[in-house]
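Fold and geometry: a report
One letter stands for each residue in the lines below.
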Amino acid sequence: MSETQELPETLDYATWARAVREGRLLGQECQDCGHVAGAPKGACAQCGSRDIETVELPTTGEVYTETTVNVPPIQFEDRGYQVALVQLGDARVMARIEGDHVDIGEAATLAGYVDEDEDHPAPVFERA
Ligand SMILES: [Zn+2]
């Protein structure tokens, strides 16, 4: 990955959220089993190891699975919205999709974020 960006050794939520606001996605790669997570966690979700390293994730990937949420919270008004699990390198990241519907296997790219509530930005993707 890029050597030009300083990445914190331990990824906390605030750092992850700040990166989302800057248009970057950070994840964690387990040094024991190689599992890559797309969100900050205290330990590897796969093997429980705490030897995890912060990595920068690609911002374009492929839709792994998707669904449309038809009972949206009030801030999304009266339409459903699409949520997808996007495969970014070795990580899968849950994201909202805006604009055109993106099918499984199609490419999606990071387009911004929405604040689901104060200080909790969620990545937003669109068809690449
Ligand atoms: Zn692991």
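Our subject is the structure that appears above.
Residues numbered from 1 in each chain as written. Predicted model: local features only at pLDDT ≥ 70, side-chain atom pairs only at ≥ 80, totals over all residues.

Description of the overall build of the chain
Helices and strands together make up the secondary structure of the chain, namely one helix and eight strands. Counting over 128 residues, the chain shows a buried share of 26%. Counting contacts in the chain only where the partners sit at least 6 residues apart, residues at least 24 apart contribute 47% of the total. (Helix = DSSP H or I, 4+ residues; strand = E, 2+ residues; numbered from the N terminus. Buried ≥ 20, exposed ≤ 12 C-beta atoms within 10 Å, placed from the backbone. Contact = placed C-beta atoms within 7 Å.)

Thoughts on the environment of Thr59
Looking at the secondary structure, you find Thr59 in the loop between β3 (52–57) and β4 (60–69). C-beta crowding within 10 Å serves as the criterion here: with 18 such atoms nearby, Thr59 is assigned to the partly exposed category. Distance in space between the C-alpha atoms of Thr59 and Gly23 is 8.2 Å, their sequence separation being 36 residues. When residues no more than four places from it in sequence are discounted, the contact partners of Thr59 are Leu25, Thr109 and Leu110.

Things to note about the nonpolar core
Formed by 22 residues in total, the largest nonpolar core has its most connected members in Leu25, Ala84, Val86, Ala108 and Phe125. For this core, the secondary structure elements donating two or more residues are α1 (13–21), β1 (25–30), β2 (36–37), β3, β5 (81–88), β6 (91–98) and β7 (107–115). The element contributing the most residues to this core is β6, with four residues. If you count residues domain by domain, this core takes at least three from each of domain 1 (13–57) and domain 2 (60–127). When sequence neighbours within four positions are dropped, the list of residues in contact with Leu25 reads Ala19, Val20, Gly38, Leu57, Thr59, Leu88, Val93, Leu110 and Pro123. (Core = buried A, V, L, I, M, F, W, Y, C linked by C-beta atoms within 7 Å. Domains from an automatic or database assignment.)

Remarks on α1
Within the span of α1, buried status applies to Trp16, Ala19 and Val20. Axial view of α1: buried residues confined to an arc of 105 degrees, hence all on one face. Exposed residues on α1 whose side chains face more than 90 degrees from its buried face are Ala14 and Arg21. The inward-facing, buried residues of α1 abut β1, β7 and β8 (121–127). Just downstream of α1, Gly23 is the residue with a positive phi angle, here 80 degrees. (Arc of directions from axis to C-beta.)

What about the sheet that holds β2?
Across the sheet, which stays open at both edges, the three strands sit in the order β2-β1-β3 with antiparallel pairing between neighbours. One side of each edge strand has no neighbouring strand; the edge strands of this open sheet are β2 and β3. The pairing of β1 with β3 spans six bridges and is classified as antiparallel. Each bridged residue has a counterpart across the sheet, and for Leu25 the counterpart in β3 is Leu57. (Pairing = 2+ DSSP bridges.)

Concerning the sheet that holds β7
What the five strands build is a closed barrel, ordered β4-β5-β6-β8-β7; its pairing is mixed. Here the strands of the sheet are splayed against their neighbours by 45 degrees on average, with no regard to which way each runs. Bridge count between β5 and β6: seven bridges; the pairing is antiparallel. Following the sheet pairing, Leu88 is matched in β6 by Ala91. (Axes fitted to C-alpha atoms, helices over the stretch in contact; angles between N-to-C directions.)

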